[in-house]
Amino acid sequence: MTATEVLIDPGPAAAPRRGSTFTRFLKRPAGAVSLGVLVIVVLVAVLAPLLSPHDPNFVDLALTKAPPSPAHPLGGDSAGRDVLSRLIWGTQSTLWGAFVTIVVAMLVGVPAGLAAGYYGRTFDRTATWVSDALQAVPGMIILLIVAAGTRNDFTVLMATLGVFMAPGYFRLTRSTVLAVRNEPYVDAARVSGLGDARILSKHIVKAVYAPVIIQTALTAGLAMGMQAGLQFLGIGGAKTPGWGAMMNEGFRTMLTTPLLLLWPSLALGITIAALAVLGSTLADVVSVKTPVHRRRKRSALREPAAVTTSTGAIAHKSADSAVQLKNLRVNYATADGGELEVVHGIDLDVAPGEVLGIVGESGSGKSQTVFSILDLLPAGGACAADAIWIGGRDVTKLPHAERQRLLGHEIGYIPQEPMSNLDPSFTIGHQLIEPLRAVHKLSKADARRRALGVLERVGIVDPPRVMKSYPHQLSGGMAQRVLIAGAIAGKPSVLVADEPTTALDVTVQAEVLELLRELQREYRMALVIVTHNFGVVADICDRVAVMRGGEIVEVGEVDRIFASPASAYTRELIAASLDGAESRSELDAAHDPETRKAVPA
Ligand SMILES: Nc1ncnc2c1ncn2[C@@H]1O[C@H](COP(=O)(O)OP(=O)(O)OP(=O)(O)O)[C@@H](O)[C@H]1O
């Protein structure tokens, strides 16, 4: 196996992504100005005790409705208090109120949205119902009741407001999670053995950060507006003056001293506008879009082959097999309450160290079979089997959590689309080391050592450099090698590869197949490879199982199947696969050092 010639693009990824987003934000005039305004507002709130020239509540009757003067630059209010001092202290209470509202709204909305989007089903339905109900409740009436019950406790009132704003966070988080939860890189994390908590906190939450920050900017403005409105109505007056309360006073004397209304209105208007501009500029910079739920094509996982003869009889003892299925059936619930069976009681067996190809037309049930082995059937699907043996153990009755523990240990998985199976937010090193630490309990140093070792083993040039790279810096071939490295890092006894070369350039396909074959021999793993290409079967498989319509049509040694396929369907598939000559001849040519083309760097 030669090292891959494809090198990483040295360019953009060197810059830290988060920093570059911030820089791009600051480069926009709207972003820089809005942030500047908000920094000033926050500084005024924090430094209020130092900046305020007078006690905001000190009454000097001589100052009643006094015009601006050097000692009182904004004059006095209708009760004889210094307006500037009240405005400065009002900044503090206004920001505090917005802060309380946002924290409560986030604490309620974000975790609920994460859980609803990720787990779906009953929790999603219940949480969505509660969210809708919250929005249907007349919030102002509840706020009035809370104000009366707490004697206008400002903080409690703002916290209550936060509960009513939580549905905004809930819906946003839920829809973002729905958009990413079926991304291949999330499935890849699952298949590598990571638990739900870690996937949620590491891979899913990353996708939620940007929308939540933007939502927070907008919610803060909304909270300030609501707070001012409440104070304007005389509800929830803070002990220190708030801008809304000042507007109330200003409104009452608007005809005689309009400036009393102008100052707090200006402060509130400018702050809310800055928050809105900040939020929309940030959205622009990170290109936050309404997520579109993209369901990945599930032709991914493949399954172990029948250990069988062409008659389908199982040839090994169950406990001696790497994987064995007995009478596996997969059903889906239909809209009319019935059930649709898509895999009809198949038997499959893979011997340790054997390479089994699974071939079949689209919809033949290959993926459903593999998902059943991994216990990762999509929602609505259920499998039943007389037995599912993995690594010499019947796992049929094991709880889901225990089945998941086999992933990354007993079973490694290589997906079809390498790029989308790597999380764009993390370096390659992080993505290789994380499962080794979490699933295999290696120390950081050991995990790093093993990750470097497997990267080198799969032919990556300069592994330390690749460890620091982000997925977008890799070529497709390299990304697939990285995923292969990740799959073998846990030293599984079974490696499942779902059309692992389909997305790759033809020259790289040959290298990846060769690498898989080498690794399979070296690690003595069983390899189950799903492919549409009989050329691939001929290249690396020992046996092949042909599937059609949820059944196994034929199983047997590759040579025998090629020489004398028992089924007409197999003959058709072979003819269709080899007709174009693209697969075999191009792969062979690519393999031949004399004809091998240079791979673009
Ligand atoms: N979520 C689902 N709900 C209902 N039926 C499904 C679902 N997923 C798959 N099926 C059905 O199960 C059958 C087998 O699908 P499967 O994905 O295993 O096919 P496949 O052989 O892997 O095809 P491909 O090569 O196109 O991925 C198909 O008839 C398909 O329509």
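As the structure is a computational prediction, the values presented were derived from the model and not from experiment. (Residues numbered from 1 in each chain as written. Predicted model: local features only at pLDDT ≥ 70, side-chain atom pairs only at ≥ 80, totals over all residues.)

Caption draft 1: Just the overall build of the protein chain, in detail. The secondary structure content of the protein chain amounts to 22 helices and eleven strands. In the protein chain, which comprises 601 residues, the proportion classed as buried is 47%. Contacts in the protein chain between residues far apart in sequence, at least 24 positions, make up 73% of those at least 6 positions apart. (Helix = DSSP H or I, 4+ residues; strand = E, 2+ residues; numbered from the N terminus. Buried ≥ 20, exposed ≤ 12 C-beta atoms within 10 Å, placed from the backbone. Contact = placed C-beta atoms within 7 Å.)

Caption draft 2: Structural detail: unusual backbone geometry. Even without glycine at this site, Asp462 takes up a positive phi of about 60 degrees. Mapping Asp462 onto the fold places it in the loop between helix H15 (444-457) and helix H16 (463-467). You can call Asp462 partly exposed: it has 14 C-beta atoms within 10 Å. You will see that Arg524, though not glycine, has its phi angle at about 50 degrees, which is positive. By secondary structure assignment, the location of Arg524 is in the loop between helix H18 (506-523) and strand S9 (526-530). Owing to 12 C-beta atoms within 10 Å, Arg524 belongs among the exposed residues under this scheme.

Caption draft 3: Structural context of the pairing of strand S2 (residues 339-350). In this sheet, S2 lies alongside strand S1 (residues 323-333) in antiparallel orientation, the contact comprising nine bridges. Bridge pairing in S2 links Leu325 to Leu348. The antiparallel hairpin formed by S1 and S2 contains five residues in its connecting segment, where Gly337 sits at a positive phi of about 90 degrees. (Pairing = 2+ DSSP bridges.)

Caption draft 4: Fine view of the sheet that holds strand S8 (residues 494-498). Across the sheet, six strands lie side by side as S7-S8-S9-S3-S10-S11; this open sheet has mixed pairing. The open sheet has two edge strands with one neighbour each: strand S7 (411-414) and strand S11 (551-557). Mean inter-strand twist for the sheet, computed between neighbouring axes without regard to direction, equals 15 degrees. In this structure, S7 lies alongside S8, joined through four bridges in parallel fashion. Each bridged residue has a counterpart across the sheet, and for Ile411 the counterpart in S8 is Val494. (Axes fitted to C-alpha atoms, helices over the stretch in contact; angles between N-to-C directions.)

Caption draft 5: Representation of the pairing of strand S3 (residues 355-360). Of all six residues in S3, six are buried; the element is thus mostly enclosed. In S3, alternate side chains face the same way, and those of Val355, Gly357 and Val359 on one face and Leu356, Ile358 and Gly360 on the other are all buried. Sheet topology places S3 next to S9; four bridges connect them, and they run parallel. In the strand pairing of S9, Gly357 is matched with Ile529. As judged from the five bridges shared by S3 and strand S10 (residues 543-548), these two strands associate in the parallel manner. Bridge assignment links Ile358 to a residue of S10, and that residue is Ala545.

Interpretation note: all reported values are geometric properties and have no functional meaning in isolation.
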